[in-house]
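# Topology and contacts: notes
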Amino acid sequence: MSELHKFLFDGLPVRGMIVRLTDAWTEILKRRAGNTATGAYPAPVSELLGEMAAAGVLMQSNIKFNGALVLQVFGDGPVKLAVAEVQSDLSLRATATVNGEVLPEAKLSQMVNVGGGGRCAITLDPKDRHPGQQPYQGVVPLHGDHHEKLERLSDVLQHYMLQSEQLDTILVLGANDQVAAGLLIQRMPIKGEGNLAAGLSHRENEDQIGHNEDYNRIAHLAASLTREELLTLDVDTILRRLFWEEKLLRFEPQQGASGPRFACTCSRERVSNMLRNLGAEEAESILAERDDIEVGCEFCGQQYRFDAVDAAQIFVSPAAAQPPGPTGIQ
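Below is a summary of the structure that appears in this document. Every value quoted in this text rests on a predicted model; they were computed, and no experiment measured them.

Among the nonpolar cores identified, the biggest contains 71 residues, and M52 and L157 are the most heavily contacted of them. For this core, the element with the highest residue contribution is helix α2 (residues 43-63), accounting for 10 residues. Excluding residues that lie within four positions of it along the chain, M52 makes contacts with L71, Q72, V73, A82, V83, A84 and L153.

Quick look at helix α9 (residues 268-278) now. Within α9, burial applies to V271, S272 and L275. Seen from one end, α9 has its buried residues packed into an arc of 105°, which puts them on one side. Seen from the open side of α9, the exposed residues pointing more than 90 degrees away from its buried face are E269, R270 and N277. Structurally, α9 contributes buried residues whose contacts are with β13 (293-296), β14 (303-306) and α11 (308-314). Just past α9, the residue G279 takes up positive phi, approximately 105°.

A few words now on the side chain of Q303. Structurally, Q303 can be placed in strand β14. Among the polar contacts made by the side chain of Q303, one reaches the main-chain amide nitrogen of T36 at a distance of 3.0 Å. Reaching out from Q303, the side chain makes a polar contact with the side chain of R305 at a distance of 3.3 Å. Every residue in contact with Q303, bar those within four places of it in the chain, is listed here: G34, N35, T36, A37, E294, V295 and G296.

Conventions and cut-offs
Residues numbered from 1 in each chain as written. Predicted model: local features only at pLDDT ≥ 70, side-chain atom pairs only at ≥ 80, totals over all residues. Heavy atoms only, no water. Core = buried A, V, L, I, M, F, W, Y, C linked by side-chain atoms within 4.5 Å. Buried < 20%, exposed > 50% of the residue type's maximum accessible area, 1.4 Å probe, protein only. Helix = DSSP H or I, 4+ residues; strand = E, 2+ residues; numbered from the N terminus. Contact = heavy atoms within 4.5 Å. Arc of directions from axis to C-beta. Polar contact = N/O pair within 3.5 Å; in protein donor to acceptor, adjacent residues only side chain to side chain.

The structure is reproduced here in structure tokens:
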């Protein structure tokens, strides 16, 4: 079962999270692989999308935003667009548009950023928008401060967090065909009570970048976690190996209904409504050319098929679909 673990370092201005997407991630891959029009993702695309899904859960949980967090990577390579969307209840979905050959060992720049114009966008779309309210979006390039192409999604997102929040952040991400996982360690904002000074400005947060010794030590430990360890070890083992000298305050893991899980808004009913709007004549012309009408969700890859009988039922009026009532006096 997919799970999210949050923890604090006792007495230190540092927080952390680990996410492991198992059933949620394999459901995304299964739907894509089962789509006869597209087939499974190439391995490098699958890895990128899994890392995006894990990162999206970590970032959504970090900001506690009431709405959708949408993480997008797009550019001029064979992968035109990759998207991971995480709702405030941690339900998630992800997809990628692949329009060319992706080599087995392709890196981020070869998939998305061939010409150097690739971008990463993070959009916060409020669930209940006020009149005139627009989603917030931050965009960063897929290159570093010296215009070097970045090959890891974690480096791109760390750069984003540093720019948008002025907070030191380290991310370790990984994905294969069974697990998508991530570790986030972040220096907490300079506000609040206890060991964190209250009332300091946003500028003072920025001035602290790179200078907190406690964060630097913990970040160094976190960076030693390998992709293989992240994907194969359980959360307790990872935390024990990395931070055995630190005192951790751990929260109850989020799993099941309260944890990360797959959800897509597509459904057979919604596709039926779309076909109804298309019209009976158009549906009949499609069926005249082939045995059934096939519609695939562009987001999750799920396919819905309607044969002639199914299509006829769509265009039957609700009144006509009801069995005849009794004609005699009861």
